[in-house]
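Notes for the structure review
Chain by chain, the residues run as shown.
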Amino acid sequence: DHPSHQEDDQHSRVALGHMLSQGGGKLINLSGRGARSPAPFQNAYGPTKAWVVSFTRALAKEYAGRGVDIMTFSPGMVLTGLLTDITVTGRDMEQRFKRFPRILRMFANPPQVPAEMAVEIAAAGENGGGYEFLNRRRKLTGMLHELRRTLTRSDEPMPQITVRMREPGGDG
């Protein structure tokens, strides 16, 4: 479960208070692709990520010039249980996930890859900035690698995913 917006605000302000008492710091809030456009079957995800971006920009303006840089980072698809152990509700949803392992192979990264970029952002990022890991160049590279794997009939395994069905109105 995601904390409420009030909790996000409170946690950020506690962290910022600590940073200010230490003479400065960097606050990086995690965003996602849903901040820019709605995603089917993820109707709560997009508005939440858009809120994170707006909230972060507002904080950056509030704290500008005080030694704290505040920015957002969209890490792209990170290969964790969130993407590999999925519970779906509704008819035909299992069918929709048939191509998902290929999508993961093209675009998902192990957690350490975007974590390294977050360190770079902390070192060089600008106050109020928004940074994305899965940019156009990385998307194109992922698609070209997948095309090469297909043409050469590569036996590189697909990421394993588990899709569970839950009845509408059910709790688990």
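Look above for the structure.
In what follows, the accompanying structure is described. (Residues numbered from 1 in each chain as written. Predicted model: local features only at pLDDT ≥ 70, side-chain atom pairs only at ≥ 80, totals over all residues. Heavy atoms only, no water.)

Before going further, it helps to spend a moment on a nonpolar patch on the surface. Among the surface-exposed residues, Leu 140, Met 143, Leu 144, Leu 147 and Leu 151 lie close enough to one another that they form a single nonpolar patch of about 510 Å² accessible area. The residue Leu 151 is located in helix H7 (residues 136-151) in this model. (Patch = residues over 30% accessible without salt bridge, like charges linked within 9 Å, V, L, I, M, F, W, Y side chains within 5 Å. Areas by Shrake-Rupley, 256 points an atom, 1.4 Å probe, with all protein chains shown as cover. Salt bridge = Lys/Arg side-chain N within 4 Å of Asp/Glu carboxyl O. Helix = DSSP H or I, 4+ residues; strand = E, 2+ residues; numbered from the N terminus.)

Let us now look at the pairing of strand S2 (residues 68-74). The element S2 is extensively covered by neighbouring structure, given that 6 of its 7 residues are classed as buried. Strand direction decides the pairing type here: strand S1 (residues 25-30) and S2, joined by 6 bridges, are parallel. The residue bridging Asn 29 from the neighbouring strand is Thr 72, located in S2. The pairing of S2 with strand S4 (residues 130-132) spans 3 bridges and is classified as parallel. Within the sheet, the bridge partner assigned to Thr 72 lies in S4 and is Gly 130. (Buried < 20%, exposed > 50% of the residue type's maximum accessible area, 1.4 Å probe, protein only. Pairing = 2+ DSSP bridges.)

By secondary structure assignment, the location of Ser 31 is in the loop between S1 and helix H2 (45-62). With relative accessibility at 7%, the residue Ser 31 sits in the buried group. Sequence-distant contacts of Ser 31, defined by excluding residues within four places in its chain, comprise Lys 49, Val 52, Val 53, Thr 72, Phe 73, Ser 74 and Pro 75. (Contact = heavy atoms within 4.5 Å.)

Okay, the layout of surface pockets next. Counted as a void, the largest pocket has a volume near 1,800 Å³. Arg 33, Gln 42, Tyr 45, Leu 82 and Leu 83 are, among the 47 residues lining the largest pocket, the residues nearest its centre. For the lining of the largest pocket, the secondary-structure elements that each account for two or more residues are helix H1 (5-21), S1, H2, helix H3 (81-84), strand S3 (85-89), helix H4 (93-96) and helix H5 (100-107). Looking at the lining of the largest pocket element by element, the count peaks at 6 residues for H2. Its residues assigned to classes, the lining of the largest pocket comprises 22 nonpolar, 15 polar and 10 charged. Computed from the structure, the second largest pocket encloses a volume of approximately 270 Å³. Counting residues per element, the lining of the second largest pocket draws most heavily on H7, which supplies 5 residues. (1 Å grid on protein atoms, 1.4 Å probe; cavity = no way out; pocket = protein on both sides within 12 Å on 5 of 7 lines; lining within 4 Å. Points joined across faces, edges and corners; volume = space filled by probe spheres on them. Nonpolar A, V, L, I, M, F, W, Y, C, P; charged D, E, K, R; others polar.)

One can describe the packing of H1 onto H2 by two numbers: an axis separation of 12 Å at closest approach and a directional angle of 35 degrees. At the point where H1 passes H2, the crossing takes the right-handed sense. Of H2, the residues touching H1 (which contributes His 5, Asp 8, Asp 9, Ser 12, Arg 13 and Leu 16) are Trp 51, Phe 55, Leu 59 and Glu 62. Its residues assigned to classes, the contact of H1 with H2 comprises 4 nonpolar, 2 polar and 4 charged. (Axes fitted to C-alpha atoms, helices over the stretch in contact; angles between N-to-C directions. Left-handed = near helix turned anticlockwise from the far one by under 90°.)

All right, on to the sheet that holds S2 then. Read from one edge to the other, the open sheet built from 3 strands follows the order S1-S2-S4, with strand pairing classed as parallel. Of all the strands in the sheet, the pair left with one neighbour each is S1 and S4. The mean angle between the axes of side-by-side strands here comes to 30 degrees, regardless of whether they run parallel or antiparallel. On top of the sheet, H2 reaches S1 and S2; it is set at about 165 degrees to S2, its chief contact.

What follows concerns the environment of Glu 156. Here Glu 156 is to be found in the loop between H7 and strand S5 (162-166). Owing to a relative accessible area of 35%, Glu 156 belongs among the partly exposed residues under this scheme. Along the chain, Glu 156 and Arg 105 lie 51 residues apart, while their C-alpha atoms are 9.3 Å from each other. With residues near it in sequence (within four places) discarded, Glu 156 still touches Arg 105 and Arg 149.

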